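Descriptive analysis of the structure
What follows is each chain in one-letter form.
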Amino acid sequence: MKIVAADIIVSSPDRNFVTLKITTDEGITGLGDATLNGRELSVASYLRDHVAPLLMGRDPHRIEDTWQFLYRSAYWRRGPVTMAAIAAVDVALWDIKAKAAGMPLYQLLGGASRTGIMAYGHASGRDIPELFDSIRRHLDEGFRSIRVQTSVPGINAVYGVAAQPSATGQRYDYEPAQRTPLPVEEDWDTRAYLRHLPQVFEAVRSEFGPELPLLHDGHHRMTPIQAAKLGKALEPYDLFWLEDCTPAENQEALRLVRQHTTTPLAIGEVFNTVWDYQTLIREQLIDYVRSAVTHTGGITAMRKLLDFAAQYQIKSGIHGPTDISPVGMAAALHLDLAIHNFGIQEYMKHTPLANEVFRQSFTFTDGYLHPGDQPGLGVELDEEAAARFPYEPAYLPFNRLKDGTVHDW
Ligand code: GCO
Ligand code: MG
């Protein structure tokens, strides 16, 4: 079998997605997700201008060799654009291989290690009553694990909090990328956040009880000692995890956080290779690996990363917001089902418009996801529908502190 075409489809049904479609001389096609929120066109160009020409005539079954060729022949290694492009090729080749084998992808990854994939949903509120409504709505939708994000008194716009919850789900509850010519400026005050958050979890635990798995995303904003303080303050509320408690370029910073708190830690959604995790995993400074298949070099790389993590009793918590396309989500679900050290899967529902473009076959039942048993990934791309939604510039916000200093968003 030979690769005869590699097409890059940029489409924007409610939000921008970049999809790679690889076609073989036997007519089997494979899809890969190359969506990088706010930098989509960079990955589309990397694929179109520098990768697609290299794929022509290659044997699509040689997935490992293609991965190593794309990673090492580029010379300039790692980084979100490079690894998203390699991921798209890798996932498309796994899709082709599984279709050729007539099997759902998870069967090629060792078969099912569980009957279903525990998902968590994103509840949020500008105040406690609105937060409780959002938690109840997610419980009614079947979620059995809930991420909790709230506004903070004195801060105008806080990450993760839907300004106007879309009860109908017609729009995203919270889609951080905004269709504006420039990134939107938001504000931040860590001390106000640290004062406020424990009260919120006190209220949630007294309303919803001790059992419900609760997660929270610190979104890279704290210093190590602030993260240690928050982790310790949240211990009475028994979180499933505290995510991105500090920017983790400095992996050793998590040693300080670990010394002060037993709250489980999840890190890595902005990482793109195993090297970003070296110290975090070897010293067991985290409990969950947050990377997305789409941003970390695909199935081939994620499998190696998660097998490395498994040696240190660290589990998966694969990134699954709406800026991971249904193709990237499907790749995550096949991996989730097969690996032993599965932890939890993030699940933000795509909108009906996005589902017009990407015909998905995964299921969500009573809190558990399943990729389905169609051959391959189980996702089809409707290119005519995709063409109806041309790319629109959209950027993630950024933060400034009260004195105007730019801060992590
Ligand atoms: C999460 C992430 C997202 C990111 C988004 C950026 O935990 O899902 O933090 O909300 O902000 O993926 O594009
Ligand atoms: Mg996050």
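Residues numbered from 1 in each chain as written. Chains lettered and ligands numbered in written order. Predicted model: local features only at pLDDT ≥ 70, side-chain atom pairs only at ≥ 80, totals over all residues. Heavy atoms only, no water.

For the protein, an unreviewed UniProt entry supplies the name Bifunctional D-altronate/D-mannonate dehydratase and the organism Micromonospora arborensis.

A word on the coordination of the magnesium ion (ligand 2)
For the magnesium ion (ligand 2), the full set of protein donor atoms is Asp-217 (OD), Glu-243 (OE) and Glu-269 (OE), and the range of their distances to it is 2.0 to 2.2 Å. Here the donor residues of the magnesium ion (ligand 2) share one chain and are spaced in sequence as D-x25-E-x25-E. Residue Asp-217 is located in strand E7 (residues 214-217), and its partner Glu-269 is located in the loop between strand E9 (265-267) and helix H9 (278-282); the two are separated by 52 residues in the primary sequence. Taken as a pair, Asp-217 and Glu-269 share a single burial class, namely buried. (Donors = N, O, S within 2.8 Å, 3.2 Å for Na, K, Ca; no water. Helix = DSSP H or I, 4+ residues; strand = E, 2+ residues; numbered from the N terminus. Buried < 20%, exposed > 50% of the residue type's maximum accessible area, 1.4 Å probe, protein only.)

What to know about the site of ligand 1
Around ligand 1 there are 15 residues in total, and Asn-37, Tyr-159, His-219, Glu-269 and Glu-346 lie nearest to it. Between ligand 1 and the protein, one listed contact pairs an oxygen atom with a side-chain N or O atom of His-319 at 3.3 Å. Here ligand 1 has 340 Å² of accessible area as a free molecule, and 94% of this is covered by the chains. Split into classes, the residues belonging to the shell around ligand 1 amount to 4 nonpolar, 4 polar and 7 charged. (Near = heavy atom within 4 Å. Polar contact = N/O pair within 3.5 Å; in protein donor to acceptor, adjacent residues only side chain to side chain. Areas by Shrake-Rupley, 256 points an atom, 1.4 Å probe, with all protein chains shown as cover. Nonpolar A, V, L, I, M, F, W, Y, C, P; charged D, E, K, R; others polar.)

As for the sheet that holds strand E18 (residues 406-407)
With mixed pairing, 3 strands are arranged side by side in an open sheet as E6-E17-E18. The open sheet has two edge strands with one neighbour each: strand E6 (185-188) and E18. Pairing between strand E17 (residues 398-401) and E18: 2 bridges, direction antiparallel. Residue Asn-399 lies in a different strand from E18, and its bridge partner there is His-407. (Pairing = 2+ DSSP bridges.)

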